[in-house]
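Structural description and commentary
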Amino acid sequence: MIRLAFTIVTGIVLGLVVHLVSVLALPRIATQDAYSRLTPMTKVNGVTQLPLADPSTSPMPFMDPAFALAICRYDLTSGPIKLTVPVSQAYTSVSFYTRNEIAYYAINDRSAGRKVIELDLMTEAQHNELPEDEEVTAADRLIIDSPSATGLIVMKALAAEPGLMPQAQATLQAASCGPQTEPPAKAEAPRGRR
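Let us look at the structure shown here.

Reading the values: rules and limits
- Residues numbered from 1 in each chain as written.
- Predicted model: local features only at pLDDT ≥ 70, side-chain atom pairs only at ≥ 80, totals over all residues.
- Heavy atoms only, no water.
- Core = buried A, V, L, I, M, F, W, Y, C linked by side-chain atoms within 4.5 Å.
- Buried < 20%, exposed > 50% of the residue type's maximum accessible area, 1.4 Å probe, protein only.
- Helix = DSSP H or I, 4+ residues; strand = E, 2+ residues; numbered from the N terminus.
- Contact = heavy atoms within 4.5 Å.
- Pairing = 2+ DSSP bridges.
- Axes fitted to C-alpha atoms, helices over the stretch in contact; angles between N-to-C directions.
- Patch = residues over 30% accessible without salt bridge, like charges linked within 9 Å, V, L, I, M, F, W, Y side chains within 5 Å.
- Areas by Shrake-Rupley, 256 points an atom, 1.4 Å probe, with all protein chains shown as cover.
- Salt bridge = Lys/Arg side-chain N within 4 Å of Asp/Glu carboxyl O.

Let us look at the nonpolar core. Residues L83, V85, V94, L121, I153 and M155 are the most contacted members of the largest nonpolar core, which totals 25 residues. The greatest single-element share of this core, amounting to 4 residues, is contributed by strand β2 (residues 67–75). Residues in contact with M155, not counting those within four places in the same chain, are V47, A68, L69, A70, I71, C72, L83, V85, S93, V94, L172 and A175. Counting 10 residues, the second-largest nonpolar core is a separate cluster that includes Y35, L50, L69 and V154.

Turning our eyes to something else, we now look at the pairing of strand β4 (residues 92–98). Of all 7 residues in β4, 6 are buried, a share of seventy percent or more. Inspection of the sheet shows β4 paired to strand β8 (residues 150–158) by 7 bridges, in the antiparallel sense. Looking at the pairing, T92 lines up with A157 of β8. Bridge count between β4 and strand β5 (residues 103–108): 5 bridges; the pairing is antiparallel. Bridging from a neighbouring strand, S93 pairs with N108 of β5. Where β4 hands over to β5, the hairpin turn is made up of 4 residues, of which E101 adopts a positive phi near 65°.

A few words on the sheet that holds β5. The antiparallel open sheet is built from 5 strands, whose spatial order is β1-β2-β8-β4-β5. The strands lining the two open edges of the sheet, one partner per strand, are β1 (47–49) and β5. Across the sheet, the axes of successive neighbouring strands diverge by a mean angle of 20°, strand direction being ignored. Where β2 and β8 come together, 9 bridges link them in antiparallel fashion.

Turning next to a nonpolar patch on the surface. Together, M1, L4, I8, I12 and L16 make up a nonpolar patch on the protein surface, roughly 590 Å² of accessible area in all. Mapped onto the fold, I8 is located in helix α1 (residues 2–29).

And the structure:
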């Protein structure tokens, strides 16, 4: 009886270990991950608008037909990038993913509180290299630290009705994602009395 119980427990533990290892390893060994699928159709450090969702020709699974979608495949090895996304009339969101499809940041038009979502994306090492007097506060410009040098930025604009899809696409077409040509703006010092 003890031998049977030991065999059952060993089988369950072994099954759990195999299942856990395969689930954790699958994203790293998969050949058709999102980054690999989007590499041939997107440019590095530039915005590429994806075609509208169509079940037969969709580049990514489970694309929502109510959203216009644009991708920026970024590479921070040559320096930080600046992302600017105008806000659409209905809803706009920006999500950040590492090369291994791990989401690490997201922002939408409501949390941005502006008509344009504008931010700087850099690695933690690049952020640490910024001089102290040029540190940008959240009130000036948002700085996002990427955990990896490469990854994807997914921009979505909602078309509340099918007739509004051209407007949502135009919003994303005006987005820009590219190398930062100037250092982040200096934070203004509070003015004191004289």
